[in-house]
Amino acid sequence: MAIRKIRKIGDPVLREIANKVDKIDRSIKDIVKDMIDTMKEEGGLGLAAPQIGISKRIIIVRYGDRIDTFINPELEVLDDNMTKSDEGCLSIYSIQGFTVDRYKKVRVRAKNLKGKPLEVTAEGLLAIIFQHEIDHLKGKMFIDHLDPTSRMELLDRVNEFKS
Ligand code: NI
């Protein structure tokens with residue numbers, strides 16, 4: 001299909017609450033194809049639809065060689081223990097070196113592209129990817145999890161990229 005432009009921090013679509021997908025029709029399948037093409041081109045371990053400017057509850061996640069689609073994903077925390085995550089985001093210029101706290105173990109319930117229910121229990125990196133991508137559907141980004149000092153440092157780095 002097409003490689004779409006990645007929306008960057010400051011773009012209002014990244015701060016919207018994404019809309020639930022009511023029907024998995026042709027247009028939704030086309031969006032997912034574009035998301036997959038875009039992630040293959042840009043790299044990354046996951047992508048949320050708002051990152052290509054579409055305010056819908058759709059994420060894709062890379063598991064090794066596979067890329068899976070989760071429509072209307074709902075996240076449940078299975079373990080309150082936190083883990084440190086050195087995170088990056090295509091919408092924040094893939095800047096590295098900023099650590100956030102994430103839950104160790106989560107469960108995600110969603111629908112796949114065929115409309116079938118999907119349930120995944122995830123730990124480690126996969127759990128982190130789910131938390132990061134599902135945050136995008138709530139209008140949140142990893143920068144929101146940083147302490148004020150680190151947040152300012154990251155914003156300074158973002159401004160260097162823009163200038
Ligand atoms: Ni991201």
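Structure: above.
The following refers to the structure shown. (Residues numbered from 1 in each chain as written. Predicted model: local features only at pLDDT ≥ 70, side-chain atom pairs only at ≥ 80, totals over all residues. Heavy atoms only, no water.)

1. Quick word on the overall build of the chain
A count of helical and extended segments in the chain gives 3 helices and 5 strands. The C-alpha radius of gyration computed for the chain amounts to 15 Å, which stays within 12% of the reference 15 Å derived for 163 residues, consistent with globular compactness. C-alpha extents for the chain along the principal axes are approximately 45 × 35 × 30 Å. Considering the chain as a whole, with its 163 residues, one finds that 44% of them fall into the buried category. Relative to all contacts within the chain whose residues are 6 or more apart in sequence, the contacts with residues 24 or more apart total 64%. Of the roughly 8,600 Å² of accessible surface on the chain, 47% is carried by carbon and sulfur atoms. The chain carries 29 positive and 27 negative side-chain charges, and their two centres are separated by 6 Å. (Helix = DSSP H or I, 4+ residues; strand = E, 2+ residues; numbered from the N terminus. Rg over C-alpha atoms; globule rule 2.2 N^0.38 Å. Buried < 20%, exposed > 50% of the residue type's maximum accessible area, 1.4 Å probe, protein only. Contact = heavy atoms within 4.5 Å. Areas by Shrake-Rupley, 256 points an atom, 1.4 Å probe, with all protein chains shown as cover. Lys, Arg positive; Asp, Glu negative; His and termini not counted. Charge placed at Lys NZ, Arg CZ, Asp CG, Glu CD.)

2. Section: the sheet that holds strand β4 (residues 98-111)
The sheet built from 5 strands is open, its strands ordered β1-β2-β3-β4-β5 with antiparallel pairing. For this open sheet the edge positions go to β1 (46-48) and β5 (117-123), each flanked by a neighbour on one side alone. Across the sheet, the mean angle from the axis of one strand to that of its neighbour is 35°, orientation sign disregarded. As paired strands, strand β2 (residues 58-63) and strand β3 (residues 66-87) are joined by 6 bridges and run antiparallel to one another. The residue of β3 that forms the bridge with Arg-62 is Ile-67. Running at roughly 40° to β2, helix α1 (residues 26-42) makes contact with β1, β2 and β3 of the sheet. (Pairing = 2+ DSSP bridges. Axes fitted to C-alpha atoms, helices over the stretch in contact; angles between N-to-C directions.)

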